[in-house]
Amino acid sequence: MSEQSPIFITGVGRRVGLHIARRLLAQGCPLIGHYRSETDDIASLRDAGAVLVQGELSTRDGVMSVLQQVLAQTDSLRAIIHNASSYTPTRRELDDDLFAQYQLFFGVHMVAPYVLNEGLQPLLLKSKDGNADIIHITDINVRRPNPEYDIYCSTKAGLENLSISFAKRYAPRIQVNTVQPGPVMFLDSHSEEDRKRVLSRTPLQIEGGAEAIYLAVRSLLDNHYTTGSSIVVDGGRSMAE
Ligand SMILES: NC(=O)c1ccc[n+]([C@@H]2O[C@H](COP(=O)([O-])OP(=O)(O)OC[C@H]3O[C@@H](n4cnc5c(N)ncnc54)[C@H](OP(=O)(O)O)[C@@H]3O)[C@@H](O)[C@H]2O)c1
């Protein structure tokens with residue numbers, strides 16, 4: 001059995017989550033990764049030694065299944081990193097799809113982290129090196145909401161708020177913090193014009209990349225005296241507007 005307790009991270013199938021998972025594995029850190037869709041990248045993580053658990057995080061049954069799968073894999077955890085997230089503009093019709101969208105965002109951004117934290121807290125308390133962290137990846141838009149994405153922003157803001165409650169409740173044994181990314185990775189759907197507009201309002205003028213988020217996560221894991229706090233990783237974008 002490994003001398004280290006594993007880190008559990010959600011949403012490792014692509015982009016930021018995949019990058020953080022690869023970086024932690026490369027450092028020899030035992031990893032349990034959650035994914036939703038099976039891809040070649042998931043197979044590559046498995047080949048690199050990650051334990052993978054699959055599931056939908058927006059439903060009660062899905063979250064409970066992910067929780068049970070993690071509990072079946074380990075009796076201690078070094079950290080939980082909540083990275084999984086859904087991102088679409090808010091529907092404007094008051095129809096069934098709007099209710100479904102809000103439920104989905106509420107489920108993935110708030111209920112799933114809440115349930116996983118509560119269900120896995122006993123494992124964090126058994127962390128083999130005595131340190132334990134929960135890191136919620138939110139968004140700079142929790143403080144500067146984008147009205148076109150108000151359901152996304154409000155549920156991420158809810159997670160930011162929950163993070164403070166967990167930090168108070170789980171102290172002194174577990175540190176709980178957030179990372180607030182700005183424009184770290186554009187989507188394929190972002191046009192060249194979109195990218196230029198965003199970067200022109202970002203003082204450091206570049207897309208930050210997934211490594212910038214990994215470095216923030218790493219610094220929280222390495223720091224024994226930070227809780228109830230947030231690291232903004234946005235190239236200065238939130239101070240510029
Ligand atoms: N990229 C940025 O510039 C940026 C900016 C601000 C904040 N952030 C935050 O940083 C984190 C990573 O960003 P990203 O761009 O890498 O995100 P992403 O590309 O949207 O990936 C999100 C991950 O979450 C999983 N996921 C989504 N909905 C799910 C559900 N209902 N159940 C289970 N898993 C689900 C996805 O699984 P599938 O692969 O199966 O879809 C995917 O692996 C997110 O929390 C995001 O909100 C990113």
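The rules behind each value
Residues numbered from 1 in each chain as written. Predicted model: local features only at pLDDT ≥ 70, side-chain atom pairs only at ≥ 80, totals over all residues. Heavy atoms only, no water. Pairing = 2+ DSSP bridges. Helix = DSSP H or I, 4+ residues; strand = E, 2+ residues; numbered from the N terminus. Axes fitted to C-alpha atoms, helices over the stretch in contact; angles between N-to-C directions. Contact = heavy atoms within 4.5 Å. Near = heavy atom within 4 Å. Polar contact = N/O pair within 3.5 Å; in protein donor to acceptor, adjacent residues only side chain to side chain. Areas by Shrake-Rupley, 256 points an atom, 1.4 Å probe, with all protein chains shown as cover.

Let's talk about the sheet that holds strand β2 (residues 31-35)
Backbone hydrogen bonds are what pair the strands of a sheet, in a parallel or an antiparallel way.
Turning to step 1, where the next piece is worked out: The strand order β3-β2-β1-β4-β5-β6-β7 describes an open sheet built from seven strands, whose pairing is parallel. Each edge of the open sheet is held by one strand with a lone partner, namely β3 (51-54) and β7 (229-233). Recorded for the sheet is a direction-independent mean angle of 15° between the axes of neighbouring strands.
Turning to step 2, where the next piece is worked out: Packing of helix α3 (residues 60-73) onto the sheet brings it into contact with β1 (7-9), β2 and β3, and relative to β3 it is tilted by some 155°.

Overview of the site of the ligand
Turning to step 1, where the next piece is worked out: Around the ligand there are 25 residues in total, and Arg14, Arg15, Arg36, Ser37 and Glu56 lie nearest to it.
Turning to step 2, where the next piece is worked out: In this structure, an oxygen atom belonging to the ligand sits 3.0 Å away from a main-chain N or O atom of valine 16.
Turning to step 3, where the next piece is worked out: For the ligand, an oxygen atom lies 3.0 Å from a polar atom in the backbone of methionine 185.
Turning to step 4, where the next piece is worked out: Contact with the protein chains removes 92% of the 900 Å² of surface that the ligand exposes when unbound.

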